[in-house]
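Take a look at the letters that make up each chain.
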Amino acid sequence: MATVKTTELKGVQEGIVVWTRTTSEGHDKTRCTVQLTTFADGEPCFKPLLIFKGKGQRVPDREKRQYDPRVVVKFQENAWCNEEIMVSWHRNMWKKPNMFGQLGDRLLIYDVHRAQTTERVETILTQECQMTLRLVPPGATSKKNIDRLATEHLSGKVIAGDRRVLFTKWVGTAWQETSRRVKETVNRSFVKCGISLPISDSRDSEINIDGLPDYRMCD
């Protein structure tokens, strides 16, 4: 595992970047993936899923006890959300009828990510979780790189375990604050796309999809 020697803060035009000098090239071992689930009412019902690179077998319990309780932490050799993680995630989170209404009354809108569209995952969602599935068309979602970090938490030597702990706290705080600030925006987005509107055409006039000004619901 690479050992961090120093940290250096450099200002850039679009934000702040933290450069860390290690005994190996790059930050390959600090890679992680964050998966978020948003509900139509804007309530943060699901914790963010944070996936770190590695097997996690050598991570001490004292480190795990410091992880922010507002996130769920998993390990994968490439920090990817693969089929196994998706299966575990769905079975542990979606099979809760008392929390999200009765089984069969739920609609899941998700993007075309390979781990989410395998036959095994779709079978679990439709049969075990009894959910209705709808895919977001390819190209309709975007990915963004984080170019701003809360650098005030970094000082002196920062080992890999400390970085993982900090990432859990950053993600937990960011998700909590974002959910609070944009709750109405999320709710309005589901309405504008027609996702959370009643099946009847009583509120079709509220549909307003960017790029499709003349869009009309089919009869």
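Residues numbered from 1 in each chain as written. Predicted model: local features only at pLDDT ≥ 70, side-chain atom pairs only at ≥ 80, totals over all residues. Heavy atoms only, no water.

Engineer: Describe the overall build of the protein chain, with residues and values.
Structural biologist: Looking only at helices and strands, one finds 6 helices and 7 strands in the protein chain. Contacts in the protein chain between residues at least 24 apart in sequence constitute 58% of all its contacts with a sequence separation of at least 6. Total accessible area computed for the protein chain in this model is approximately 15,100 Å², and 50% of it derives from carbon and sulfur atoms. (Helix = DSSP H or I, 4+ residues; strand = E, 2+ residues; numbered from the N terminus. Contact = heavy atoms within 4.5 Å. Areas by Shrake-Rupley, 256 points an atom, 1.4 Å probe, with all protein chains shown as cover.)

Engineer: I'd love a proper account of the nonpolar core, names of residues and values included.
Structural biologist: Judged by nonpolar contacts, the single largest core of 20 residues is most densely connected at Phe46, Trp94, Leu108, Leu125, Met131 and Leu133. Looking at this core, the elements that each hand over two or more residues are β4 (49–53), α2 (83–93), β6 (106–110), α4 (119–128) and β7 (131–135). When residues in this core are grouped by element, the largest group, 5 residues, is from α2. Apart from the residues within four sequence positions on either side, leucine 125 is in contact with His90, Trp94, Leu108, Gln130, Met131 and Leu133. By size, the runner-up hydrophobic cluster in this structure holds 8 residues, among which are Tyr67, Val71, Val165 and Val171. (Core = buried A, V, L, I, M, F, W, Y, C linked by side-chain atoms within 4.5 Å. Buried < 20%, exposed > 50% of the residue type's maximum accessible area, 1.4 Å probe, protein only.)

Engineer: Kindly report on the packing of aromatic side chains, identifying the contributing residues and their values.
Structural biologist: Within the structure shown, the criterion is met by 5 aromatic pairs. Plain terms: the ring middles of phenylalanine 52 and tyrosine 67 are 6.5 Å apart, the flat faces sit at 45° to each other, and that makes the pair tilted. Taken as a pair, phenylalanine 52 in strand β4 and tyrosine 67 in the loop between α1 (61–64) and β5 (72–76) lie far apart in primary sequence, 15 residues in all. Residue tyrosine 67 is classed as buried on the basis of its relative accessible area, which comes to 11%. Summarising the aromatic geometry, the rings of phenylalanine 52 and phenylalanine 75 are spaced 5.9 Å apart at their centres and angled 45° between planes, so their arrangement reads as tilted. Linking phenylalanine 52 in strand β4 with phenylalanine 75 in strand β5, this pair joins segments that are 23 residues apart in sequence. Phenylalanine 52 sits in the buried class, given a relative accessible area of 3%. (Phe/Tyr/Trp six-rings, centres within 6.5 Å; stacked < 30°, edge-to-face > 60°.)

Engineer: Describe in detail helix α6 (residues 183–192), supporting the description with residues and values.
Structural biologist: Listing the buried residues of α6 in full gives Val186, Phe190 and Val191. Buried residues of α6, viewed axially, fall in a sector of 140°; they line one side. Note on α6: the residue one or two positions beyond its end, glycine 194, has a positive phi of about 80°. (Arc of directions from axis to C-beta.)

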